[in-house]
Amino acid sequence: MNTPLSPSGAERTDGSAVRIGVLVPLTRPGWVEAGRHLLAGLELAVREVNDTGGIGGRPLELVVRDTAADPQRAAAAVDELARLGVAALAGEYHSVVARAAATRADALGLPFLCSSAVLDALTEQPTEWVARLAPAQSRGWRIYADFLLGAGHSRIAVATQPSVYWASGTRILRDHLAARGGTVLELDMGTLTPAAVCDELAGDRATALLLLVGHPEPAVPIVRSVRRDRRLADIMIGAPAGQPEFAEWATSLGGDGAAIPFLRYLPERLSPLGARVETALRERLAEAPSFVAFEGYDTVTVLADVLRSHGTDRTRIAEAWSRVAVEGTRGRIRFSRLPDIGVRQWAWPPIQVVDRDPAEPDRFRILHTG
């Protein structure tokens, strides 16, 4: 299960480095492109920390483990990283995987700064060991529901697969829309083909179809089928989970992948810090960085500040979450206690609904901000 360490540094046995355990999806069925962007942000920030003196003169290192979107693999990696003596954990993109990692980190007393996963209930009980940069799913998806209503969509169909994450998203949408006169029709992709989805939509009065499914399968075939069905020429396709953010989406679908609104966690205009980091990330990735890369950079920025101010003792790191006040690439980061969210939460990162411009699919249009 071990993967090669990042270029930020190899594992050392002399105790000279301050080590951070990193969980990222780097192989299928994980969302590899998201994992690559997350790791690029983490590595860039580590390089900059070390270029400015490290942690009290000690280099910061990443000890990287591939979760491959597997919760059990992630939990085992947490155990391994704890034994290796990492000061804290960082990363993970997939919500169900992050939940398994957070649960295990809480049990072991290992601080975990979750970069990208949004599932509200990362832990069953409130914990001081876990903090999170990404917004809670309930906040982002309610903002998305407001966008739908503002665009005139109140009868929504969702193509969905079995998952705690997708079920949670469906519930958030249904509750928010129902309170405002809207409805949600579920289409089970465990039993329906993309062609059957088109037939269901043609017989229903839904004006929008949301993709609450994996990428590339079955999201890409669904989009292709809907785009080619003349009966559905007026239906809007949406993807609140952010599938169209990455270049792989545009490569797979071309023009068919444009005009599909999704959630993105970036400000309308980047600060000077954000703009500098964007340039560096673009060079590192050889493509435009996604918001996930910024989440990775901000994760190390926070951890470096905590380590410099409070040392490497795990208990002191966890106790420091409530005192964080760090300028990140997307705004000032502070962690709060919020109702129904058991971890320390940044409230809130900027949230946008954007899509790819049909006239220029590599350009994003901001449709709504929350």
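Parameters and conventions
Residues numbered from 1 in each chain as written. Predicted model: local features only at pLDDT ≥ 70, side-chain atom pairs only at ≥ 80, totals over all residues. Heavy atoms only, no water. Helix = DSSP H or I, 4+ residues; strand = E, 2+ residues; numbered from the N terminus. Rg over C-alpha atoms; globule rule 2.2 N^0.38 Å. Contact = heavy atoms within 4.5 Å. pLDDT = per-residue confidence, 0-100. Buried < 20%, exposed > 50% of the residue type's maximum accessible area, 1.4 Å probe, protein only. Polar contact = N/O pair within 3.5 Å; in protein donor to acceptor, adjacent residues only side chain to side chain. Pairing = 2+ DSSP bridges. Axes fitted to C-alpha atoms, helices over the stretch in contact; angles between N-to-C directions. Lys, Arg positive; Asp, Glu negative; His and termini not counted. Salt bridge = Lys/Arg side-chain N within 4 Å of Asp/Glu carboxyl O. Parallel < 35°, antiparallel > 145°, perpendicular 65-115°, else oblique. Left-handed = near helix turned anticlockwise from the far one by under 90°. Nonpolar A, V, L, I, M, F, W, Y, C, P; charged D, E, K, R; others polar. Expected span 1.5 Å × (residues − 1).

S.K.: Which residues make up the overall build of the protein, and what are the values?
M.R.: When its secondary structure is counted, the protein shows 11 helices and 16 strands. Here the protein has a C-alpha radius of gyration of 20 Å; the compact-globule value for 370 residues is 21 Å, and the two agree. Based on the C-alpha atoms only, the size of the protein along its principal axes is roughly 65 × 40 × 35 Å. For the protein, restricting intrachain contacts to residue pairs at least 6 apart in sequence, the fraction spanning at least 24 positions comes to 69%.

S.K.: Now, about the confidence of the model for the protein: what can you tell me, with residues and values included?
M.R.: When the pLDDT values of the protein are averaged, the result is 95; 96% of them are 70 or greater. When the elements of the protein are averaged for pLDDT, helix 8 (residues 247–253) gives the smallest value, 95, and strand 4 (residues 112–114) the largest, 99. Across residues 1–14, confidence stays below pLDDT 50; counting only partners more than four residues off in sequence or on other chains, it has 37 contacts.

S.K.: I'd like to hear about the environment of Gln345, residue by residue, with values.
M.R.: By the secondary structure assignment, Gln345 is in strand 14 (residues 341–346). Here Gln345 falls in the buried class, since its relative accessible area comes to 0%. Counting along the chain gives 240 residues from Gln345 to Ala105, while the straight-line C-alpha distance between them is 16 Å. The contacts of Gln345, once residues within four sequence positions are left out, are Arg132, Leu133, Ala134, Pro135, Ala136, Arg334, Phe335, Ser336 and Leu338. A polar contact is formed between the side chain of Gln345 and the side chain of Arg132, at a distance of 2.9 Å.

S.K.: Lay out the sheet that holds strand 14 with the relevant residues and their values.
M.R.: The seven strands lie next to each other as 2-1-3-4-5-14-13, forming an open sheet whose pairing is mixed. The open sheet has two edge strands, strand 2 (60–66) and strand 13 (335–338), and neither has a second partner. With strand direction ignored, the average angle separating the axes of adjacent strands in the sheet is 30 degrees. Sheet topology note: the strand 1 (residues 18–24)/strand 3 (residues 88–91) ladder contains four bridges and is parallel. Opposite Gly21, over in strand 3, you have Leu89 as the bridge partner. Helix-sheet contacts for helix 3 (residues 95–108) involve strand 1, strand 3, strand 4 and strand 5 (130–132), and the interaxial angle to strand 4 is about 160 degrees. Lying over the sheet, helix 10 (residues 291–310) contacts strand 1, strand 2, strand 3, strand 4 and strand 13, oriented at roughly 160 degrees with respect to strand 3.

S.K.: Run through the side chain of Arg132, naming residues and quoting values.
M.R.: For Arg132, the position within the fold is in strand 5. One buried charged residue, Arg132, remains without a salt bridge, the closest side chain of opposite sign being Asp120 at 5.3 Å. Polar side-chain contacts of Arg132 include one of 3.5 Å to the backbone oxygen of Ala117. A distance of 2.6 Å separates a polar side-chain atom of Arg132 from the backbone oxygen of Leu119.

S.K.: Describe the packing of helix 9 (residues 272–285) against helix 10, and please don't skip the residues or the numbers.
M.R.: Two elements in contact, helix 9 and helix 10, have axes separated by 11 Å at closest approach and are oriented at 110 degrees. Viewed along their axes, helix 9 and helix 10 adopt a mutual orientation that is roughly perpendicular. Handedness of the helix 9/helix 10 crossing: right-handed. Residue-level inspection shows Leu273, Gly274, Arg276, Val277, Glu278, Leu281 and Leu285 of helix 9 in contact with helix 10, the latter providing Ala293, Phe294 and Tyr297. Along the lines of polarity and charge, the residues of the contact of helix 9 with helix 10 split into seven nonpolar, one polar and two charged.

S.K.: Tell me about the sheet that holds strand 15 (residues 352–357), and name the residues and values.
M.R.: The sheet built from three strands is open, its strands ordered 10-15-16 with antiparallel pairing. The strands lining the two open edges of the sheet, one partner per strand, are strand 10 (262–264) and strand 16 (360–369). The average undirected angle you get between the axes of adjacent strands in this sheet is 45 degrees. Bridging between strand 15 and strand 16 involves six bridges; their strand directions are antiparallel. When the sheet's bridge partners are listed, Asp357 is paired in strand 16 with Glu360.

S.K.: Which residues make up helix 2 (residues 71–84), and what values do they have?
M.R.: A rise of 1.5 Å per residue sets the reference length of helix 2, with its 14 residues, at 20 Å; its end C-alpha atoms lie 20 Å apart and thus fit the reference within 8%. For helix 2, every residue scored as buried is listed here: Ala74, Ala77, Val78, Glu80, Leu81 and Ala82. Buried residues belonging to helix 2 abut strand 1, strand 2, strand 3, helix 3 and helix 11 (314–319). The distance from a side-chain oxygen at the start of helix 2 to the backbone nitrogen of Gln72 is 2.9 Å, and the residue carrying that oxygen is Asp70. Once helix 2 finishes, Gly85 follows within two positions and takes phi at roughly 90 degrees, a positive value.

S.K.: Provide a residue-level description of the pattern of salt bridges, including the pertinent values.
M.R.: For the structure shown, the criterion picks out 18 salt bridges. Put simply, Glu128, Arg337 and Arg344 are held in one network by salt bridges that share partners.

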